[in-house]
Amino acid sequence: MGIISDVIENTRAIIKGMMTTASYIPKEKWTVQYPDDPVTLQPRFRGQHLLHVDELGREKCVACYLCAAACPSDCIYIVAADDPRPPKERTGVDERFAQVYNIDYGRCIFCGFCVEACPKDAITHGYNFELSVYSRADLLKTKDDLLITKQKQSPNYRVAFADEEVDSEYKVL
Ligand code: SF4
Ligand code: SF4
C-alpha cells in the first residue's frame, strides 16, 4: 500500500511539474540575445565604479580613505598626494587628491559600502558589467579606468525607466 501511494504521489508531482514547464512554452520569451541585443539593467544596478569630477573637471576625491576603510573586501588602494597649485588648476577639488586610486575587481563584491562612506559623492556605481578578462591581473582597475571622464558607455546595455540622459554621465566633459 505504501509503495503504491508513493508511486501515485510521485507521478502526480512529475505531471504537475511537467504542466508547469509546458505552461511556459507558449509565453513570451525573456531570453536576451546579448550582445546582439542590449541588456536592460535596473536603475539601482551596481556595476563598475565611477570616480566623479566637478563642473571644472576636477576630481572630487580628496583621498580621505573612508571608502577603503569601509570596504569589507579590502580591495581599494589609494595613495594621497598634495597639489599646491591654485584651486582652478588643481587635479582635484581640494589640495589633497588621490594620486593612485585602484579597485581590484577580483575581490570587489559590489556591496556599495564605499559609495555610502564617501563624504564627497566622489564615487558611485556605474552600470558597466562587462568586466570579464582573461587574466586576473586585468581585474585591477586604476584611476584612469574609473574616472567618469575616461569611461565610455557600452552599447550593450540600457537602463530601465531612464531616458537617454542616463548616458550623459559617461560623456567626456
Ligand atoms: S563595492 Fe564593496 S567590495 Fe567593492 S570596492 Fe566598494 S566597498 Fe569594496
Ligand atoms: S572616493 Fe570618497 S571616501 Fe574614497 S577617498 Fe575619495 S573622497 Fe574619500
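Residues numbered from 1 in each chain as written. Chains lettered and ligands numbered in written order. Predicted model: local features only at pLDDT ≥ 70, side-chain atom pairs only at ≥ 80, totals over all residues.

**Points about the overall build of the protein chain**
The number of helices and strands found in the protein chain is four helices and seven strands. Walking the protein chain from its N terminus toward its C terminus, one meets helices and strands in the order α-β-β-α-β-β-α-β-β-α-β. In terms of overall size, the protein chain is more extended than a compact globule, its C-alpha atoms giving a radius of gyration of 24 Å where 173 residues would be expected to give roughly 16 Å. Overall, the protein chain is about 90 × 35 × 30 Å in size when its C-alpha atoms are taken along their principal axes. (Helix = DSSP H or I, 4+ residues; strand = E, 2+ residues; numbered from the N terminus. Rg over C-alpha atoms; globule rule 2.2 N^0.38 Å.)

**Things to note about the site of ligand 1**
Close to ligand 1 lie 14 residues; C71, C108, C111, F113 and C114 are nearest. Classifying every residue of the shell around ligand 1 gives twelve nonpolar, two polar and no charged. (Near = placed C-beta within 6 Å. Nonpolar A, V, L, I, M, F, W, Y, C, P; charged D, E, K, R; others polar.)

**Remarks on the confidence of the model for the protein chain**
Averaged over all residues, the pLDDT of the protein chain is 91; the fraction at 70 or higher stands at 92%. Residue range residues 165–173 is modelled with pLDDT below 50. Its contacts to residues more than four positions away, or to other chains, number eleven contacts. (pLDDT = per-residue confidence, 0-100. Contact = placed C-beta atoms within 7 Å.)

**Things to note about the pairing of strand β4 (residues 96–104)**
Two elements, strand β3 (residues 76–82) and β4, share seven bridges in a ladder whose sense is antiparallel. When the sheet's bridge partners are listed, A81 is paired in β4 with F97. In this structure, β4 lies alongside strand β6 (residues 140–141), joined through two bridges in antiparallel fashion. Within β6, the position partnered with D104 by the bridge is L140. (Pairing = 2+ DSSP bridges.)

**Describing the site of ligand 2**
In the vicinity of ligand 2, 14 residues are found, and the nearest of them are C61, C64, L66, C67 and C118. Of the residues that constitute the shell around ligand 2, the class distribution is 13 nonpolar, no polar and one charged.

**Considerations on the nonpolar core**
With 18 residues, the main nonpolar core has L51, C61, C67, C114 and I123 as its most contacted residues. Ranked by the residues each element gives to this core, the list is headed by β4, at four residues. Among all residues touching I123, those that are not within four sequence positions of it are H49, L51, C67, C114, V115 and C118. (Core = buried A, V, L, I, M, F, W, Y, C linked by C-beta atoms within 7 Å. Buried ≥ 20, exposed ≤ 12 C-beta atoms within 10 Å, placed from the backbone.)

**Some points on the sheet that holds β6**
The sheet built from three strands is open, its strands ordered β3-β4-β6 with antiparallel pairing. Either end of the sheet is taken by a strand with one partner, and the two such strands are β3 and β6.

**With respect to the environment of K120**
Assignment of secondary structure puts K120 in the loop between α3 (113–117) and β5 (123–125). Residue classification places K120 among the partly exposed residues on the basis of 17 C-beta atoms within 10 Å. Between the C-alpha atom of K120 and that of V62, which follows or precedes it by 58 residues, the distance is 7.8 Å.

**A few points about helix α1 (residues 2–24)**
Helix length check: α1, at 23 residues, gives a terminal C-alpha distance of 34 Å against a target of 33 Å (1.5 Å per residue), a fit within 8%. A small share of α1 lies buried, amounting to zero of its 23 residues. (Expected span 1.5 Å × (residues − 1).)

**A few points about the environment of A69**
Position of A69 among the secondary structure elements: in helix α2 (residues 66–70). Residue classification places A69 among the exposed positions, given that 12 C-beta atoms sit within 10 Å. Through-space distance from the C-alpha of A69 to that of V115 is 12 Å; in sequence the pair is 46 residues apart.

**Focus on unusual backbone geometry**
Glycine aside, residues mostly have negative phi, and peptide bonds are mostly found in the trans state. The omega torsion across Y34 and P35 is 5 degrees, close enough to zero to call that bond cis. In this structure, P35 sits in the loop between α1 and β1 (39–41). A positive phi is found at Y65, a non-glycine position, where the angle reads about 70 degrees. Relative to the assigned elements, Y65 resides in the loop between β2 (49–51) and α2. The phi torsion at D74 lies on the positive side, around 55 degrees, for a residue other than glycine. Tracing the backbone shows D74 in the loop between α2 and β3. D74 gets classed as exposed once you count the C-beta atoms within 10 Å, which come to 10.

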